[in-house]
Amino acid sequence: MATALARTHEAYDVARVRGDFPILARHVNGHPLVYLDSAASSQRPRAVIEAVDHYETHCHANVHRGVHALSQAATDAFEGARERVRRFLNARSVKEIIFTRGTTEAINLVANAWARPRLGPGDEILITWLEHHANIVPWQMVCAATGATLKVAPIDERGELRFEAWEALLSPRTRLVAVGHVSNALGTVLPVARIVKAAHARGVPVLLDGAQAVPHGGADVQALDCDFYAFSAHKLYGPTGIGVLYGREALLREMPPWQGGGDMILSVSFEGTTYNDLPWKFEAGTPNISGAVGLGAAIDYLETLGPGAVHAHEQRLLAKATAAALGIPGLRVIGTATDKAAVLSFTVEGIHPHDLGTILDHEGVAIRTGHHCAMPVMDFFGIPATARASFACYNDDADIERLIRALHTAREVFS
Ligand code: C6P
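Since this is a predicted model, take the numbers as computed values, not measurements.

**Examining the sheet that holds strand 13 (residues 331–333)**
Ordered in space as 13-14-17-16, the four strands form an open sheet in which the pairing is antiparallel. Two strands bound the open sheet, and with one partner strand each, they are strand 13 and strand 16 (368–370). Taken over all neighbouring pairs, the strand axes of this sheet differ in orientation by 30 degrees on average, direction set aside. Here strand 14 (residues 343–348) runs beside strand 17 (residues 386–390); their pairing, made up of four bridges, is antiparallel. Bridged to Leu344 within strand 17 is Ala389. The strands touched by helix 12 (residues 307–325) within the sheet are strand 13 and strand 14, with strand 14 carrying the most contacts at an inclination of about 10 degrees.

**Details of the sheet that holds strand 4 (residues 97–100)**
Strand order across the open sheet formed by seven strands is 4-10-9-8-7-5-6, with mixed pairing between neighbours. A single partner strand is all that each edge strand has here, and the edge strands are strand 4 and strand 6 (149–153). Strand-to-strand twist across the sheet, computed as the mean angle between neighbouring axes with direction ignored, equals 20 degrees. Here four bridges tie strand 7 (residues 174–180) to strand 8 (residues 206–209), and the two strands are oriented parallel to one another. Bridge pairing in strand 8 places Val179 opposite Leu208. On top of the sheet, helix 5 (residues 103–118) reaches strand 4, strand 7, strand 8, strand 9 (228–232) and strand 10 (243–247); it is set at about 150 degrees to strand 9, its chief contact.

**Digging into unusual backbone geometry**
Here Leu278 and Pro279 are connected by a cis peptide whose omega angle stands at 0 degrees. As for its position among the elements, Pro279 is in the loop between strand 12 (272–275) and helix 11 (289–305). Although it is not a glycine, His64 sits at a positive phi angle of roughly 60 degrees. With respect to the helices and strands, the residue His64 is situated in the loop between helix 3 (46–58) and helix 4 (69–89). The class for His64 is partly exposed, based on a relative accessible area of 30%. Non-glycine residue Asp225 carries a positive phi angle of around 65 degrees. One can find Asp225 in the loop between helix 9 (221–224) and strand 9. Judged by relative accessible area, which is 32%, Asp225 ranks as partly exposed.

**With respect to the environment of Glu96**
By the element assignment, Glu96 lies in the loop between helix 4 and strand 4. As a C-alpha pair, Glu96 and Gly247 span 151 residues in sequence and 5.2 Å in three-dimensional space. Ignoring sequence-local partners within four residues, the contact set of Glu96 consists of Ala91, Leu245, Tyr246, Gly247, Arg248, Glu249 and Leu252.

**Comments concerning the side chain of Glu314**
Mapped onto the secondary structure, Glu314 falls in helix 12. Look at Glu314: it is buried, it has no salt bridge, and the nearest opposite charge is Arg316 at 12 Å. A polar atom in the side chain of Glu314 sits 2.6 Å from the side chain of His216. Not counting residues within four places of it along the chain, the set of residues in contact with Glu314 comprises Pro215, His216, Tyr237, Ala342, Phe391, Ala392 and Cys393.

What counts, and at which threshold
- Residues numbered from 1 in each chain as written.
- Predicted model: local features only at pLDDT ≥ 70, side-chain atom pairs only at ≥ 80, totals over all residues.
- Heavy atoms only, no water.
- Pairing = 2+ DSSP bridges.
- Helix = DSSP H or I, 4+ residues; strand = E, 2+ residues; numbered from the N terminus.
- Axes fitted to C-alpha atoms, helices over the stretch in contact; angles between N-to-C directions.
- Contact = heavy atoms within 4.5 Å.
- Buried < 20%, exposed > 50% of the residue type's maximum accessible area, 1.4 Å probe, protein only.
- Lys, Arg positive; Asp, Glu negative; His and termini not counted.
- Salt bridge = Lys/Arg side-chain N within 4 Å of Asp/Glu carboxyl O.
- Polar contact = N/O pair within 3.5 Å; in protein donor to acceptor, adjacent residues only side chain to side chain.

These results come straight from atomic positions and should not be treated as a statement about function.
Here it is, written out as structure tokens:
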């Protein structure tokens, strides 16, 4: 923990950053690991591993339930992590920070507790073609249950949202706008400031799926002025099974709980139940306490590196990798938006992305291949899948060289 926390915002030293991630020392298929799948799940620095280990070793008990010392230690650790998230997102109050299992559960919470009780036939939910399935399917389920309609704004050949077309779909019947902050399949950064402004001008609340945005520079929910913001810890150098829904307090107050059980109540009798205050009203059952502790440590870690420095480093890698990849005959970059996060999606003529992924794995290079849970994006480009290399704070120039060399090997295998 000490290594990262002691570091100030000095010039970006990727070798030192790499030293914080024990897993990067391992070999895969006889080669030193090159990990280029951080958009699926990033690796954990020692600071996170140690924070979780310390909690499990010294502090674990159930939260909000016991007067004994360990229960209080666990409660302090859990609620301390919530305050850490609040500061990270610049939310006004910890009441606005709900712990969930991840982005998927956060969006489902809004779908079930905000949208379902409010929407009816004729109402519309507006999304885009760029969405991850987690920001499509919950809304389809709401529409099936309520008779509302799902509207989908188009994208162009670069993988950018056609903003005017999106705006034209914003109608007097639109009840909710739900968009990704950054596309996971292409890396496109969506014009969320313009989206929020246009939606709010018509009184429509906005949910942002921040799963792919937060790891590349954080998010300020007051500056974004969004109504809901969702993200997962495991893409932010934190543990799996924990994520966050930020919700504007006034909206959360009006929403009924979506799951019942312990912790979300103040009192229960057979005559009736009184629900707990925010944020616990939306956290039924024993939460992922060590996960929250790990998330807090992950935020500390990222902020010590400096989200701006990480972003600049990743952008340099993205530009370099894109230029080098374009030198490979038959390689087509899918997603060429002007504003992109550190995601390079591509196809290589004559090689199925899955074969590409397998050959790269033989070379110790981990990338993701498939539809990336964004099948409409694949349909738009008329392809079944892409190969996707994604960059994080610990990737370096040598990783790009190994990626490019492995792609040349794949072409030789298939020539
Ligand atoms: N994308 C990827 O490889 P969960 O699974 O709940 O932590 O996150 C879901 C999710 C939601 N929105 C976006 C934009 C995402 O990228 C993801 C997860 C991973 O791209 C796994 S499919």
